[in-house]
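# Examination of the molecular architecture
So you can see what is in the structure, the chains are spelled out below.
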Amino acid sequence: MTSLGKLFILLGVLFIIIGIIWSFIGRLPGDLTFRTGNTTIFFPIVTSIVVSIILSVLFMLFGRFK
């Protein structure tokens with residue numbers, strides 16, 4: 001298998017894992033949802049803050065082991 005094929009498989013698995021995690025944290029209290037008629041607008045404010053904190057901690061840890 002070529003390295004490009006392995007990369008696509010790895011990205012696919014990564015997206016599946018992210019999708020599963022996102023389904024658990026995608027609707028936290030504090031996220032804003034506006035519904036009018038057939039239109040729904042969703043602002044994931046708290047979810048964005050939580051993801052930002054998690055990524056900051058991960059990058060900080062990876063930076064220390066470099």
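These remarks concern the structure in this document. Just so it is clear, the structure is predicted and the values come from calculations on it, not from any experiment.

## Observations regarding the overall build of the protein
Each helix and strand counted, the protein has 2 helices and 2 strands in total. Ordered by position from the N terminus, the helices and strands of the protein form the series α-β-β-α. By the compact-globule yardstick of 11 Å for 66 residues, the protein is too spread out, its C-alpha radius of gyration being 17 Å. Overall size of the protein, expressed as C-alpha extent along the three principal axes, is 50 × 35 × 15 Å. Counting only carbon and sulfur atoms, one obtains 76% of the accessible surface of the protein, whose full area is about 5900 Å².

## Quick notes on the layout of surface pockets
In this structure, the largest pocket encloses a volume near 230 Å³. Those elements that provide at least two residues to the lining of the largest pocket are helix H1 (3-25) and helix H2 (45-64). Element by element, the count of residues in the lining of the largest pocket is highest for H1, at 5 residues. By residue class, the composition of the lining of the largest pocket is 8 nonpolar, no polar and no charged.

## A closer look at a nonpolar patch on the surface
Taken together, the side chains of Leu 32, Phe 34, Ile 41, Phe 43, Ile 45, Ile 49, Ile 53, Val 57, Met 60, Leu 61 and Phe 65 present a nonpolar region at the surface, about 1100 Å² in accessible area. Of all the secondary-structure elements, those providing two or more residues to the nonpolar patch are strand S1 (32-36), strand S2 (39-43) and H2. The element best represented in the nonpolar patch is H2, accounting for 6 residues. When you line up the elements, Ile 41 lands in strand S2.

## Some remarks on the pairing of S2
Sheet topology places S1 next to S2; 5 bridges connect them, and they run antiparallel. Among the inter-strand pairings, Leu 32 is bridged to a residue of S2, identified as Phe 43. Hairpin remark: S1 followed by S2, antiparallel, with 2 residues in the connecting loop; positive phi at Gly 37, about 65 degrees.

## Let's talk about the side chain of Asp 31
Turning to its location among the elements, Asp 31 is positioned in the loop between H1 and S1. Looking at Asp 31, its side chain comes within polar contact range of the main-chain nitrogen of Ile 45, at 3.3 Å. A polar contact of 3.0 Å, which involves the side chain of Asp 31, links it to the backbone nitrogen of Val 46.

Reading the values: rules and limits
Residues numbered from 1 in each chain as written. Predicted model: local features only at pLDDT ≥ 70, side-chain atom pairs only at ≥ 80, totals over all residues. Heavy atoms only, no water. Helix = DSSP H or I, 4+ residues; strand = E, 2+ residues; numbered from the N terminus. Rg over C-alpha atoms; globule rule 2.2 N^0.38 Å. Areas by Shrake-Rupley, 256 points an atom, 1.4 Å probe, with all protein chains shown as cover. 1 Å grid on protein atoms, 1.4 Å probe; cavity = no way out; pocket = protein on both sides within 12 Å on 5 of 7 lines; lining within 4 Å. Points joined across faces, edges and corners; volume = space filled by probe spheres on them. Nonpolar A, V, L, I, M, F, W, Y, C, P; charged D, E, K, R; others polar. Patch = residues over 30% accessible without salt bridge, like charges linked within 9 Å, V, L, I, M, F, W, Y side chains within 5 Å. Salt bridge = Lys/Arg side-chain N within 4 Å of Asp/Glu carboxyl O. Pairing = 2+ DSSP bridges. Polar contact = N/O pair within 3.5 Å; in protein donor to acceptor, adjacent residues only side chain to side chain.

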